[in-house]
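# Understanding the architecture of this molecule
Residue-level listing of the chains:
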Amino acid sequence: MRLAGRWLPFLLCAGALCAAEPTTPAAPAAPALVTNSFSETDLRQALADIAAQAGVSIIADNSVQGLVSAEFTAAPLEQVLEHLLLVGGFVYKRLRPGFYLVTSPDPKSPNYDLVVEQRLVPLEFARAADLKKLIPTQYLPHIQLDEALNRVLVSAPQPRLQAILDLLREADTPPVQVMIEALMVETTAGDLAKFQASFQRSHFGGDNTTGVITYLENATNLLSQVLWLVARSKGSVKASPRVIAQQGREAQVAVSIQQYFQILTGQAGFGYYQLQAIEAKVGLTITPLVALSTREVTCDIAPEVGDVTGTGPNNLPIITRRTANTSVRVKDGQIIAIGGLLQHLEQQVRRKIPLLGDLPLIGELFRSQSTERSDREVTIFLVPHILDPDGSFSGPLVLDRVPAIGVVPERPAGPPTAPPLPRH
């Protein structure tokens, strides 16, 4: 039947013309089920068998090799594929309905580009440069690190892609932070030993090789004794900084003095003098590791004491540096003390009588020069505080109470002892 130049569909119903009704779309076909059994069967042959049973095409490239043993009863096709390919680590991808490609996840495989998927993952807390230490070796060919923009490009087939993304999500979490109170006190060598005679053997241990002494249980008492010396001008507080360190990352605390020396450069007759700055430093490097379950902090501590002990030929400075390494585990908010860091100071002192000392020839009679030497002991106190995710912590700042221990009553003659520092 034609009307107005167009053909209209029609049906013949009981001898009459009836308009055609729209047809409903067909329901999606149920997933193919596989029932089969394999025993030491070549993988390529097994794939061909299940392809024939499921009525699909499964193409396996030359990288797919091996033997499989498995048994399936009315199992979905893709579940069967996952089980068969699991042993050899192969992957599959449905390129279109009824057509599957099986290949190796190795980027060198011939059909890798057909099965690979990409994700660009920006990092919020972790550093891209540090991820190489966390990513398993088999995943490294699938990632590219953008250190400048701190992001990771992942290129991998499923399910390996999802495994890498899950690993990156776990690694990109806010690190635990530790705030470290530090106090550096310098005292005259020998004075502190008078305070230690009564509890030396039972309350702290030492390393005979390095001379470094680490105080644990009685670090609080030691702090009180050192400050007792400071209050009597037998010591001085060099610095009391606070630093925040992330879990497993170094934090440095240092007090340094620069001394300048005239150094002759070049050959005799053609040389010139230039000022060279030499740094004398007292400091330490500390790396905290936190156990949140027990609220303990393991501190890897590397103290250093350096100074210019004198000058040698051509006025070149002689520099000595003493370093050590120690590891201490303490509770959150507990005091750590490190002593035994000796510093030898040597100073040239020139004296003269005004006017007379400047006279030519006889001026030497009114001038004198001497070398003053002194040994100082540096004691370092540390208090780690585990910070909450919002950057706060419970408990007071321990070293904030240091000024309150400034003066203690005079004691009778005999070895002096200092009052204990109140604990929090």
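Residues numbered from 1 in each chain as written. Predicted model: local features only at pLDDT ≥ 70, side-chain atom pairs only at ≥ 80, totals over all residues. Heavy atoms only, no water.

Here the focus is the overall build of the protein. Helix and strand counts for the protein come out as seven helices and 24 strands. For the protein, the proportion of its 424 residues judged to be buried stands at 36%. Contacts spanning at least 24 positions in sequence make up 63% of the contacts within the protein whose residues lie at least 6 apart. Of the roughly 25,500 Å² that the protein leaves accessible, carbon and sulfur atoms contribute 54%. (Helix = DSSP H or I, 4+ residues; strand = E, 2+ residues; numbered from the N terminus. Buried < 20%, exposed > 50% of the residue type's maximum accessible area, 1.4 Å probe, protein only. Contact = heavy atoms within 4.5 Å. Areas by Shrake-Rupley, 256 points an atom, 1.4 Å probe, with all protein chains shown as cover.)

As a further point, take unusual backbone geometry. As a rule of thumb, non-glycine residues mostly have phi less than zero, and peptide bonds are mostly trans rather than cis. At the junction of Gln158 and Pro159, the peptide bond is cis and its omega measures out at 0° in the coordinates. Here Pro159 lies in the loop between β12 (151-156) and α4 (160-171). A positive phi angle is found at Glu40, which is not glycine, with a value near 50°. Examined against the element boundaries, Glu40 turns out to sit in strand β5 (residues 33-42). Judged by its relative accessible area of 55%, Glu40 falls in the exposed class. You will see that Asn150, though not glycine, has its phi angle at about 55°, which is positive.

What follows covers helix α1 (residues 43-54). The terminal C-alpha atoms of α1, which comprises 12 residues, lie 16 Å apart, in line with the 16 Å expected from a rise of 1.5 Å per residue. Taken together, the buried positions of α1 are Leu43, Ala46, Leu47, Ile50, Ala51 and Ala54. The arc enclosing the buried residues of α1, seen along the axis, measures out at 135°, which places them on a common side. Considering only its buried residues, α1 is in contact with β5, β6 (57-60), β7 (67-76), α2 (77-86) and β9 (99-103). Gly55 sits one or two positions beyond α1 and adopts a positive phi of about 70°. (Expected span 1.5 Å × (residues − 1). Arc of directions from axis to C-beta.)

This paragraph deals with the packing of aromatic side chains. Two numbers describe a pair of aromatic rings. These are the distance of the centres and the angle of the planes. One pass over the structure, following the stated rule, counts one aromatic pair. Aromatic side chains Tyr92 and Tyr100 sit 6.0 Å apart centroid to centroid with 55° between the ring planes, which places their arrangement in the tilted category. Like Tyr92, the residue Tyr100 is buried in the burial classification. A cation over a ring is seen here: Arg96 above Phe99, with NZ or CZ 4.6 Å from the ring centre. (Phe/Tyr/Trp six-rings, centres within 6.5 Å; stacked < 30°, edge-to-face > 60°. Lys NZ or Arg CZ within 6 Å of the ring centre and 35° of its normal.)

The next thing to look at is the packing of α1 against α2. Running from amino to carboxyl end, α1 crosses α2 at an angle of 175°, the nearest separation of the two axes being 11 Å. With respect to each other, α1 and α2 are oriented roughly antiparallel. Along the contact surface, α1 presents Leu43, Ala46, Leu47, Ile50 and Ala54, while α2 presents Leu77, Val80, Leu81, Leu84 and Leu85. Residues that form the contact of α1 with α2 fall into these classes: 10 nonpolar, no polar and no charged. (Axes fitted to C-alpha atoms, helices over the stretch in contact; angles between N-to-C directions. Parallel < 35°, antiparallel > 145°, perpendicular 65-115°, else oblique. Nonpolar A, V, L, I, M, F, W, Y, C, P; charged D, E, K, R; others polar.)

A few words now on a nonpolar patch on the surface. Together, Ile353, Leu356, Leu359, Leu361, Ile362 and Leu365 give the surface a local cluster of nonpolar side chains, amounting to about 620 Å² of exposed area. One can find Leu359 in the loop between β23 (336-352) and β24 (367-386). (Patch = residues over 30% accessible without salt bridge, like charges linked within 9 Å, V, L, I, M, F, W, Y side chains within 5 Å. Salt bridge = Lys/Arg side-chain N within 4 Å of Asp/Glu carboxyl O.)

Of note, Ala60 is situated in strand β6. The spatial distance from the C-alpha of Ala60 to the C-alpha of Thr103 is 6.1 Å, given a sequence separation of 43 residues. If we ignore the near neighbours within four places in the chain, the residues touching Ala60 are Arg44, Leu47 and Val102.

In this section: helix α7 (residues 219-231). In a regular helix each residue adds 1.5 Å, so 13 residues correspond to 18 Å; α7 covers 18 Å between its end C-alpha atoms and thus fits that length. Among the residues of α7, Ala219, Thr220, Leu222, Leu223, Ser224, Gln225, Val226, Leu227, Trp228 and Leu229 are the ones counted as buried. Just past α7, the residue Ser233 takes up positive phi, approximately 60°.

The tendency in soluble globular proteins is for nonpolar side chains to be buried as a group. Ranked by internal contacts, the top residues of the largest apolar core, which has 25 residues, are Ile180, Ile286, Ile301, Ile336, Ile380 and Leu382. When contributions to this core are tallied by element, the ones reaching two or more residues are β13 (177-188), β17 (242-246), β18 (251-265), β19 (272-291), β20 (296-311), β22 (326-331), β23 and β24. Once you skip the residues sitting within four places of it in the chain, Ile380 turns out to touch Leu183, Met184, Gly283, Leu284, Ile336, Ala337, Ile338 and Leu341. Core analysis: the next-biggest nonpolar cluster, separate from the first, contains 24 residues, Phe38, Leu43, Leu47 and Leu81 among them. (Core = buried A, V, L, I, M, F, W, Y, C linked by side-chain atoms within 4.5 Å.)

Attention shifts here to the sheet that holds strand β10 (residues 117-122). Read across the open sheet, the three strands follow the order β10-β12-β11; overall the sheet is antiparallel. Strands with a single pairing partner mark the edges of an open sheet, and in this sheet they are β10 and β11 (143-146). With direction set aside, neighbouring strand axes in the sheet form an average angle of 15°. Pairing between β10 and β12: six bridges, direction antiparallel. The residue of β12 that forms the bridge with Glu117 is Ala156. (Pairing = 2+ DSSP bridges.)

The next point concerns the layout of surface pockets. Taken as a whole, the largest pocket encloses approximately 410 Å³ of empty space. Broken down by class, the residue content of the lining of the largest pocket amounts to eight nonpolar, four polar and four charged. Approximately 340 Å³ is the volume found for the second largest pocket. Forming the boundary of the second largest pocket are 13 residues, of which Leu86, Phe90, Val91, Gln158 and Pro159 lie nearest the centre. (1 Å grid on protein atoms, 1.4 Å probe; cavity = no way out; pocket = protein on both sides within 12 Å on 5 of 7 lines; lining within 4 Å. Points joined across faces, edges and corners; volume = space filled by probe spheres on them.)

In this fold, Asp61 is placed in the loop between β6 and β7. Despite its burial, Asp61 pairs with no opposite charge, the nearest such side chain being Arg44 at 5.6 Å. A polar side-chain atom of Asp61 sits 2.6 Å from a polar atom in the side chain of Ser63. (Lys, Arg positive; Asp, Glu negative; His and termini not counted. Polar contact = N/O pair within 3.5 Å; in protein donor to acceptor, adjacent residues only side chain to side chain.)

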